[in-house]
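Listed below are the residues making up each chain.
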Amino acid sequence: MSSPVVTSVGSRSDSELPVDGDPNNTKWVMVVNLNPGAVAGGSGGQYFVGEFDGTTFTSESTQGAEDLPAGDVLAGFDNGSFDGWTVSNEPGNHLNGPWGLEPAAGTLPGQNTVTGYVGGGLVNGFYDGDWPIGTLESPAFTVSDDYVNLLVGGGRHPHVAGSQLTNDPPAGTTVFDFELPDGQTLADSGWQITGDFATDPARNPSTNGGEHHLGTKRLNTWEGGPRGDDNVGELLSPAFTLDGDVVSFLIGGGKRTDGTLQAELVIDGAVVRTKTGPESGALNWVSWDVSEFAGEQAQIRIRDEATGGWGHLTFDHVVAGDVEAKLRSDETSVNLVVDGEVVRSATGSNSEHLDWASWDVREFAGQQATVRVVDNNRGGWGHILLDQVMTSDAAAATRLESYDWLDWGRDYYATVSYFGTPDSRTRIMQGWMNNWDYANDIPTAPWRSSMTLPREVKLTETPDGPRLTQKVVSQIDDQLQTDAAQRRSDVTVTGDTALDLSGEVVKVDLTLQPGDADRAGIVVFGDGETGTRIGYDADTERVFVDRRDSGDVDFHPAFVSVEDAPVALSEDGTVTLELYLDRASVELFAAEGRVTITDQVFPRAGADDITAWSEGGTAVIQAITVTPITPTMWKIPAPVEVPGTPTEVTAAATADGATVAWTAPADDGGAPVSEYRVYREGVEAPVATASTTSAAVTGLVSGTSARFAVSAVNSAGEGPKSEWSAAVVVPDGAAFAPAKGVLSHDNGWDTGLADGEYNVTMNLWWGQNATEFRLFENGALLATVPLAYGAFSAQQASVPVSGKSNGTYVYTGELVNSKGVTATTSLKVKVSDASPAKPVLSHDNHDGDGTFTLTANLWWGTNATSYRFLEGDAVIGEGLLTARTPGPQIARLDVVSAAKGKHAYRVEFTNVAGSTVSAPVTVTVRR
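About the thresholds
- Residues numbered from 1 in each chain as written.
- Predicted model: local features only at pLDDT ≥ 70, side-chain atom pairs only at ≥ 80, totals over all residues.
- Heavy atoms only, no water.
- Helix = DSSP H or I, 4+ residues; strand = E, 2+ residues; numbered from the N terminus.
- Buried < 20%, exposed > 50% of the residue type's maximum accessible area, 1.4 Å probe, protein only.
- Contact = heavy atoms within 4.5 Å.
- Areas by Shrake-Rupley, 256 points an atom, 1.4 Å probe, with all protein chains shown as cover.
- 1 Å grid on protein atoms, 1.4 Å probe; cavity = no way out; pocket = protein on both sides within 12 Å on 5 of 7 lines; lining within 4 Å.
- Points joined across faces, edges and corners; volume = space filled by probe spheres on them.
- Nonpolar A, V, L, I, M, F, W, Y, C, P; charged D, E, K, R; others polar.
- Polar contact = N/O pair within 3.5 Å; in protein donor to acceptor, adjacent residues only side chain to side chain.
- Phe/Tyr/Trp six-rings, centres within 6.5 Å; stacked < 30°, edge-to-face > 60°.
- Lys NZ or Arg CZ within 6 Å of the ring centre and 35° of its normal.
- Salt bridge = Lys/Arg side-chain N within 4 Å of Asp/Glu carboxyl O.

*Asks:* Help me out: how do you make sense of the overall build of the chain in this one?
*Replies:* From N to C terminus, the chain includes zero helices and 69 strands. Viewed in the frame of its principal axes, the chain has a C-alpha envelope of about 110 × 75 × 70 Å. For the chain, with 927 residues in total, the buried portion stands at 50%. Contacts spanning at least 24 positions in sequence make up 70% of the contacts within the chain whose residues lie at least 6 apart. Counting every atom, the chain has about 41000 Å² of accessible surface; 50% of that belongs to carbon and sulfur.

*Asks:* How should empty space enclosed by the protein be read in this particular structure?
*Replies:* Here the idea is plain: a probe the size of a water molecule rolls over the atoms and shows the empty space left. According to the stated counting rule, one finds two cavities of 30 Å³ or more in the structure shown. Size it by volume and the second largest cavity reaches roughly 30 Å³. Per-class residue counts for the lining of the second largest cavity are four nonpolar, four polar and one charged.

*Asks:* So what exactly am I meant to see when it comes to the environment of T135 here?
*Replies:* Among the secondary structure elements, T135 is positioned in strand β8 (residues 134–137). Separated by 46 residues in the primary sequence, T135 and N89 have C-alpha atoms spaced 6.9 Å apart.

*Asks:* Could you clarify how one ought to interpret the side chain of D196 in this entry?
*Replies:* Its location among the elements puts D196 in the loop between β12 (192–193) and β13 (219–220). Only 2.8 Å separates the side chain of D196 from the backbone nitrogen of V232, close enough to count as a polar contact. Those residues in contact with D196 that sit more than four places away from it in its chain are G224, G225, P226, R227, D230, N231 and V232.

*Asks:* Just to check I follow, could you spell out the packing of aromatic side chains for this structure?
*Replies:* Scanning the model with the defined rule gives 24 aromatic pairs in all. Judged by centre distance (5.2 Å) and plane angle (65 degrees), the ring pair of F176 and W191 falls under edge-to-face. Residue F176 is found in strand β11 (residues 173–176), and its partner W191 is found in the loop between β11 and β12; the two are separated by 15 residues along the sequence. With relative accessibility at 12%, the residue F176 sits in the buried group. The class of W191 is buried, set by a relative accessible area of 5%. Note on Y438 and F555: the rings are 6.4 Å apart at their centroids and 80 degrees apart in plane angle, and the pair reads as edge-to-face. With Y438 in the loop between β29 (427–433) and β30 (450–451) and F555 in the loop between β38 (542–546) and β39 (562–566), this pair connects stretches of sequence that are 117 residues apart. The buried category is assigned to Y438, whose relative accessible area is 1%. Residue F555 is classed as buried on the basis of its relative accessible area of 19%. Three or more aromatic residues joined by ring pairs form one cluster here, namely F176, F178, W191, F240, F249, W288 and F315. One Lys or Arg, R455, reaches over the ring of Y412 and ends 4.3 Å from the middle of that ring.

*Asks:* Explain the pattern of salt bridges here, please?
*Replies:* Pairing is possible between side chains of opposite charge, provided their charged atoms come close. Scanning the model with the defined rule gives 47 salt bridges in all. With a shortest N-O distance of 2.8 Å, R604 and E529 are connected by a salt bridge. Taken as a pair, R604 in the loop between β42 (595–600) and β43 (609–615) and E529 in the loop between β36 (519–526) and β37 (532–537) lie far apart in primary sequence, 75 residues in all. On the basis of relative accessible area, R604 is assigned to the partly exposed category, the value being 40%. Residues participating in the shared-partner salt-bridge network are E234, E264, R301, R303 and E305.

Geometric values such as these leave the question of function open.
See below:
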């Protein structure tokens, strides 16, 4: 099914501000939040200054010219050929995709309009859409100039160092590949299987679900049981020897950080390594360092306790050896290759607009290099655009730098502005500190990012016209612990230089003189091995935040980055930076607030060192002050826990119930007990509440036997229940214990299907009556039914049972009166038709044009209440069904403009007892 195209226009806010505080000279500011398309990539905010008449905004901001930068063109792709570049299209592709046989003249069929290229041609990897993969490589050239500049567009799928374009396993011993003979189950091969995965062992291993598996079979906990994403259970492998320092495997599927969905390495019963999925259907390589356990016996356990969306794992091909697996790359990239290694890389921004990328190649001067274009992605934005590969003595500025940006970092998006704090003359702005490139993958729990510090924004006159300046609101001054500030001055910086400073939640004021150094600055959140570099590049005259080695950076390939912005040195040769650090973020202000850079970082635990560094010469830190910041959003309250357990619970029978008493818990949890709750055995909700240590329970039927438990409640919640009291019986007049009752059921009487909807009935045909009937299911109390005492007359009680999944259920009962308890007969009920009958899937794509209807029919049997149509593992349509068992049901889905090729579809019918999936149907789209 074709993917929808969503165009993000962004949000907009308008505000009229005075220029340099002059109320007679005001301008309007329009803010546009972009995703993608920001200056640092992905999400960000752009602003315009101008006039607004209530209907139309007229911008007065200027945009720079887009002339070609100076330099020599290595490849312009304008003469109708690739000029000696080695073209590797995917074999067999009917359009010779992805590159075609010659450069594209512009936009290709099915593609959004391509802009930003120069001349009459460009490399366009959209021949036959996003599906085909391949490479394109230039002839070798000698690196002679300082920079290679190039226009790049298309998909944002970065190159990952050390990755592979294939899907080859590492060298070593294949421990499990799951390629079992047909008919042999995972359990047959020695795996221990529990939960939903044991209900039908033939489901394991699976031949469905996931992409980029090896062979035809793998583990898939969605397919491995009857309930899809709601399957729960474990798969535990036979023991194997850790033959080497590394265990590698392919993993895909859902992501959980609470331990409910993960692959585990188990040694002597202890879990020593874990890995969850990437929340993607595609499997990719993961490696565990097991060198400390080399030679020991181990097991692999797949734990799935997760339900709901992405509540499954796919897992394949376990290899033990001494070499880590290489990640399979899904890049759309342009790479500089020297001596066979990728040393520089650029990618698109999920846009059909080409923009300048620039590589500093001075360190490779005199060496041979090639430019290699890679399209190894078949998904959304799975193509790359390239034009005007040039060598130059100067870096080409991105065209985006000709615009005005609220922030030059990666994590300042969806800004809002407001006033009235403290007065209407102050305009405050805040942004969401995140980026949709990686927002769902940041390594935090339970929170996901935060807002930036609130900033006061003003308009200041510049040679280019009025422009925004920003500073943190003045209220921050009240939070600065100036008496605990750390200060250094006139520090000569040569290479790595200690400052004996530290801080996690601090303000840093830095005045830096680069001197004769090429680059210089400070490292924050450092631990001697990792840290975030903040500094100034004297060659490019730019301040920057470098988070490439800032701690946890591997959770998403787009996170590793350097953000920079143009800032000129002051007349005295210094640059002044104001920084706010907050454990997982850096907010930088420079050029008196005209330039800001906001980035998230995820340092190692305890990393709080602040040091200095320089490259290519000596710099001087004229002054640095590190001031702790007191938290502003909350005060840490004294810890409160739920109360302890009440003790000594007693019950005394009354005419219509019981009086329950207890002793208060020894520990109130740090807050007064506000309520006690009294529970009766077999009843879920409390039967009485009290503020003291006794309560009356009324309304019990004569002859009823009951036990009671009590819990205590405070401001933190409800504490644990006490032990049950001794049983008490309400008087009823019986002479001796009840006669023996008989259990029966009506499972399947209504529809002919043993579908898990039935009644269990107790009949006492004659004999001493009971006042209460208790029904147990598999030994657990299911229901308590009061009975009217009638001496020796017949009695009957019926308990409805519903929603049972397939299996055998054993029912026993008890009849109770004041003289004793008598067991009923026992009863077995077999449920075999609880899950929906198997639907049959068909299609009408007879003309092969990609527009067709999928039809699912359930002809007869247990009905479903909902359905989902699936393409691979992706849900492409879903809805509700009305159950009228055993009548027929039907569901349809219209598919429009499916891509060329083969598409495998299934339908899943679901009710409360489980899910049933149809046999797959393959639809071939030819045109």
